[in-house]
Structures are given as structure tokens and as C-alpha cells.
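Inside the fold
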Amino acid sequence: MKSPWIFKEQIQEWFTTETRKDTKMLESFGRAFEENDIAAIEKYFTAYL
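Now for the packing of helix 2 (residues 23–34) against helix 3 (residues 38–48). Where helix 2 contacts helix 3, the two axes come as close as 8 Å, and the packing angle between them is 145°. Every pair of crossing elements has a handedness; the one defined by helix 2 and helix 3 is left-handed. Contacts between helix 2 and helix 3 pair Met25, Leu26, Ser28, Phe29, Ala32 and Phe33 from the former with Ala40, Ile41, Tyr44, Phe45, Ala47 and Tyr48 from the latter. A per-class count over the contact of helix 2 with helix 3 returns 11 nonpolar, one polar and no charged.

What follows deals with the environment of threonine 17. On the secondary structure map, threonine 17 appears in helix 1 (residues 4–21). Reaching out from threonine 17, the side chain makes a polar contact with the backbone oxygen of glutamate 13 at a distance of 2.9 Å.

For the rest of this paragraph, the subject is the packing of aromatic side chains. Across all of its chains, the model carries two aromatic pairs by this definition. Judged by centre distance (5.2 Å) and plane angle (80°), the rings of phenylalanine 29 and phenylalanine 33 are edge-to-face. Placement of the pair is phenylalanine 29 and phenylalanine 33 together in helix 2, with a separation of four residues, close to one helical turn. Judged by relative accessible area, phenylalanine 33 falls into the partly exposed class, the value being 48%. Consider the rings of phenylalanine 29 and tyrosine 44, whose centres lie 6.5 Å apart with planes at 70°: the pair is edge-to-face. Taken as a pair, phenylalanine 29 in helix 2 and tyrosine 44 in helix 3 lie far apart in primary sequence, 15 residues in all. Residue class for tyrosine 44 comes out buried when judged on its relative accessible area of 16%. Chaining the aromatic ring pairs together yields one cluster made of Phe29, Phe33 and Tyr44.

About the cut-offs
Residues numbered from 1 in each chain as written. Predicted model: local features only at pLDDT ≥ 70, side-chain atom pairs only at ≥ 80, totals over all residues. Heavy atoms only, no water. Axes fitted to C-alpha atoms, helices over the stretch in contact; angles between N-to-C directions. Helix = DSSP H or I, 4+ residues; strand = E, 2+ residues; numbered from the N terminus. Left-handed = near helix turned anticlockwise from the far one by under 90°. Contact = heavy atoms within 4.5 Å. Nonpolar A, V, L, I, M, F, W, Y, C, P; charged D, E, K, R; others polar. Polar contact = N/O pair within 3.5 Å; in protein donor to acceptor, adjacent residues only side chain to side chain. Phe/Tyr/Trp six-rings, centres within 6.5 Å; stacked < 30°, edge-to-face > 60°. Buried < 20%, exposed > 50% of the residue type's maximum accessible area, 1.4 Å probe, protein only.

Following this line, the structure appears as C-alpha cells:
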């Protein structure tokens, strides 16, 4: 049986890889806050959920 630490490392590696794939959407989400674009904030927030 693998230790919980190994699973934690695998999850962290997966999360890092996946979030880097989605930088365009993340940048757009951040820009929506800077521009106070409520519709875009709702759109991107919903997409992340």
C-alpha cells in the first residue's frame, strides 16, 4: 500500500500540470477582476466549479 504522502505528491504534480495547461483561462479570469467585468467573472468562476 502506498503511503498518503505519495498520493499527495501525485495530486500536487497533477494539479500543477493541469493548471499550467489552463493559463489562458486563468489570465482571462484575473483580467475580468481588473476590469470589473461581472459577466466574465461569473462565466469563468462557473467554469472552474
